[in-house]
Amino acid sequence: MSGGAAPLVQARNVQKTFKSGRLETQVLHDVSLQLRPGEFTLLMGPSGSGKTTLLSILSGLLRPSSGQVELCGVDISTAQDAVSARVRRRHVGFVFQSYHLFPALNALDNVAEVLVLKGIDRMQARAHAGSMLQRMGLGARLQHLPSELSGGERQRVAIARALAGNPSLIVGDEPTGALDKNTGLSVMGALREQLTPQRGVLIVTHDPRLKQFADRVLEIEDGRIVADYAHTAGVNEAYH
Amino acid sequence: MRRIALHSLLFDRGKLAAALLGVALATTLAFVQIGLYRGFEVSSSTVIEHHGGDLWAIPTGLEVLDNAETLSVSVRNLLASHPCVRDVRALVYGFVFIRKPNGTRDNALVVGAEPRAEHVMPWALVEGNAQDLAHPLRVSVDRTDLAKLQLDNAPIGATFEVNNQRVTVAAVTQGIRSFTLMPYLFTSITNARRLMGVVEGHAHFFAVGLHQPQCAAEVQRWMAQQHDVRLVTRADWMKKTEAYWVGGSGAGLVLAFTAILGLIVGAVIVGQTLYSMTKEHLPELATLKALGATPWELAGFVLWQVSLLAVVGGGIGLAIAYILRSVMARTGLNVMLEPGTLSLGIFAAVLMCAVASIASLRTVFKVEAATVLR
Ligand SMILES: Nc1ncnc2c1ncn2[C@@H]1O[C@H](COP(=O)(O)OP(=O)(O)OP(=O)(O)O)[C@@H](O)[C@H]1O
Ligand SMILES: [Mg+2]
């Protein structure tokens, strides 16, 4: 933990209320937290507790109803869509439970095209994407379409894509949710390997076994952070 | 974005084929409708164009080629006396009553022109030749009118009555049709005068060739004192005749209406196709947005797809239009696909695709990045 470095994410008094018609549901109540570089954080809590909502707000996909969120030094709580889009593009890598790879592109292009979107020249992007997939153990799968890959392989492509462009923050919502136990653990291992002193990782899960990968655990219940504790990565919990 | 957009489009071949078909049919419709409209316009003035001349002497007050009374030979002599005038050529043109071989009555248009080397009349002969028409009471018929005239497929030598005089078919044209679809009977000017009872030397029109086109205004001024004849440029006379038939008559309105309806139907087909395709690709669009694509980059996703569909589908549509043109030409319908109508058709197709992509673009601009986590 590098306590002195500027936080990647700084959330103050974040509230989120969803309105549908006359029905209002307050999903987040006064959440304040910091995410720091070099830290692998797990966000845990029961279904419906607001994990996905909080992750969306912290990563700039959703605006809070009130409160303030700074992502990599930019206040995104009131910023225009284009501003938070730029911050996401530069600083955030996403890994989704259902992968969200581009079905029409092969593994290599799935990673490379995101780099192209980020302004990197295509030749360079493809070379970079190739070496990244290689490191994910997918050297022999570059030309495969997502539909021709296993779930674990798809999620590794997604991780390679999230890493493309060297983001400061990697966020994942249940990245192992669709995988069997062992594949899930190896995907988490791959994510853990991406942690550097400059980079933070925030993963939402309700699988307590994954605590072994975390430096820090946040627990949320009914839209409130109820626990926030350090954890020593690599120490096996009783569940394991 | 181009690569993602085009790969996504090409990925689902079935949907792509359906989309291309939609765009192709819509553009075919646009090209054929515009081509038909122009075809009708051109058919109404085609005799003027082929008779040629820089200026036309027409009876005062005349709005359209088809309603003329005759001009006297003195008009011709006056015109020929101007030093700018190179030649004056008469055209005898008008409605006649015909009696078909089985005795039924109908109307036709007789055309007899003073010949000149560059202006062969009739111009689309497929059987016989212009000299054959110089023999007494010989006429040409158009292949597309054979059934209407109750002639068989080898009509040369067949006879029928024109204004109670028996004429013999001596030549066959292909695809010379009038706006009203009344059969054209071409013949020599002498025969035409005889069939229509026009005095020797008189004619319905005189086409005037000039030594220098710049003289046109001067000759027109010089003729302005004449009460019963007016000099107009050939281009103006063609436009006037086209406007009378296509613009002024209900037929033109109906044609324009169908053409516009065709474009609207096309826009709806293409719009539906694009919209459902955009809906299909919402997950990818949401992912792209989450990864930081701006609204305009996302719009690029749709616009690349529209462009590909427009170019390929439009190309197929144009090819189908050309095929339809040759099929329709056999029935005598002229679908004009020349630079003017082609560029109008392309413009219409592009406009159609642009209008059709509005709904898709609206959807794209409203994509919520947060849906990727749902
Ligand atoms: N767009 C929305 N509109 C209305 N209500 C919403 C919306 N998104 C989330 N909610 C509500 O907010 C609450 C928290 O949802 P959220 O998805 O954050 O929970 P979660 O902790 O991620 O649950 P799970 O573990 O099941 O994924 C739920 O009650 C949900 O119904
Ligand atoms: Mg969730």
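Just above sits the structure.
Reference entry: report on the structure contained in this document. (Residues numbered from 1 in each chain as written. Chains lettered and ligands numbered in written order. Predicted model: local features only at pLDDT ≥ 70, side-chain atom pairs only at ≥ 80, totals over all residues. Heavy atoms only, no water.)

**A look at helix H1 (residues 51-58) of chain A**
Residues and elements named next belong to chain A.
- Of all eight residues making up H1, eight are buried, and the element is well covered by its neighbours.
- Burial in H1 covers these residues: Lys51, Thr52, Thr53, Leu54, Leu55, Ser56, Ile57 and Leu58.
- Directly after H1, the chain includes Gly60, whose backbone phi takes a positive value near 85°. (Buried < 20%, exposed > 50% of the residue type's maximum accessible area, 1.4 Å probe, protein only. Helix = DSSP H or I, 4+ residues; strand = E, 2+ residues; numbered from the N terminus.)

**Description of the site of ligand 1**
- The local shell around ligand 1 consists of A:Phe18, A:Val27, A:Pro46, A:Ser47, A:Gly48, A:Ser49, A:Gly50, A:Lys51, A:Thr52, A:Thr53, A:His206 and B:Arg374.
- Those residues lying near ligand 1 are distributed over chains A and B.
- One nitrogen or oxygen atom from the main chain of A:Gly48 is found 2.8 Å from an oxygen atom belonging to ligand 1.
- Within the side chain of A:Thr53, an N or O atom sits 2.6 Å from an oxygen atom of ligand 1.
- Across the complex, the protein chains shield 64% of the 640 Å² of accessible surface that ligand 1 would expose by itself. (Near = heavy atom within 4 Å. Polar contact = N/O pair within 3.5 Å; in protein donor to acceptor, adjacent residues only side chain to side chain. Areas by Shrake-Rupley, 256 points an atom, 1.4 Å probe, with all protein chains shown as cover.)

**Observations concerning empty space enclosed by the protein**
- Scanning the model with the defined rule gives one cavity of 30 Å³ or more in all.
- Each pocket or cavity is described by its volume, and for the largest cavity that value is around 40 Å³.
- Grouping the amino acids of the lining of the largest cavity by side-chain chemistry returns five nonpolar, four polar and one charged. (1 Å grid on protein atoms, 1.4 Å probe; cavity = no way out; pocket = protein on both sides within 12 Å on 5 of 7 lines; lining within 4 Å. Points joined across faces, edges and corners; volume = space filled by probe spheres on them. Nonpolar A, V, L, I, M, F, W, Y, C, P; charged D, E, K, R; others polar.)

**Some thoughts on the nonpolar core**
- The biggest cluster of nonpolar side chains holds 69 residues, and the ones touching the most others in it are B:Leu288 and B:Leu309.
- Look past the residues within four positions of B:Leu288 in its chain and what remains in contact with it is A:Phe102, A:Leu117, B:Met1, B:Ile4, B:Ala293, B:Leu298 and B:Phe301. (Core = buried A, V, L, I, M, F, W, Y, C linked by side-chain atoms within 4.5 Å. Contact = heavy atoms within 4.5 Å.)

**Observations concerning the layout of surface pockets**
- Looking at the largest pocket, its volume works out to about 380 Å³.
- As for the largest pocket, its lining consists of 22 residues, of which A:Leu61, A:Leu62, A:Arg63, A:Asp81 and B:Glu368 are closest to the centre.
- Of all the secondary-structure elements, those providing two or more residues to the lining of the largest pocket are strand S1 (9-20) and helix H2 (81-91) of chain A.
- Here the lining of the largest pocket gets five residues from one element, more than from any other, and that element is H2(A).
- Grouping the constituent residues of the lining of the largest pocket by class yields 11 nonpolar, three polar and eight charged.

**Some remarks on the environment of B:Ala147**
- Inspection of the secondary structure puts B:Ala147 in the loop between strand S5 (138-142) and strand S6 (159-162).
- Residue class for B:Ala147 comes out exposed when judged on its relative accessible area of 67%.

**Comments concerning the pattern of salt bridges**
- Within this structure, the stated rule accounts for 24 salt bridges over all chains.
- As a salt-bridge pair, A:Arg89 and B:Glu297 come within 2.3 Å of each other at their nearest N and O atoms. Of the two residues, A:Arg89 is situated in helix H2 and B:Glu297 in helix H9 (residues 295-330); the pairing between them involves two chains.
- A relative accessible area of 14% places A:Arg89 in the buried class.
- The exposure class of B:Glu297 is partly exposed, given its relative accessible area of 24%.
- Among the ionic pairs, B:Glu63 bridges to B:Lys240, the shortest N-O distance being 4.0 Å. Taken together, the residues B:Glu63 in the loop between strand S1 (55-59) and helix H3 (73-80) and B:Lys240 in helix H6 (residues 234-248) connect sequence positions 177 residues apart.
- Classification of B:Glu63 as partly exposed rests on a relative accessible area of 43%.
- Given a relative accessible area of 31%, B:Lys240 falls into the partly exposed group. (Salt bridge = Lys/Arg side-chain N within 4 Å of Asp/Glu carboxyl O.)

**Describing the pairing of strand S2 (residues 85-99) of chain B**
Residues and elements named next belong to chain B.
- S2 sits mainly inside the fold: 11 of its 15 residues count as buried.
- Inspection of the sheet shows S2 paired to strand S9 (residues 205-210) by six bridges, in the antiparallel sense. Bridging across to S9, Ala90 finds its partner in Phe206.
- Relative to strand S3 (residues 105-113), S2 is paired through nine bridges, and the arrangement is antiparallel. Note that in S3 the partner of Arg99 across the bridge is Arg105.
- Summarising the sheet, S2 and S6 pair through two bridges and their orientation is antiparallel. Opposite Arg99, over in S6, you have Glu161 as the bridge partner. (Pairing = 2+ DSSP bridges.)

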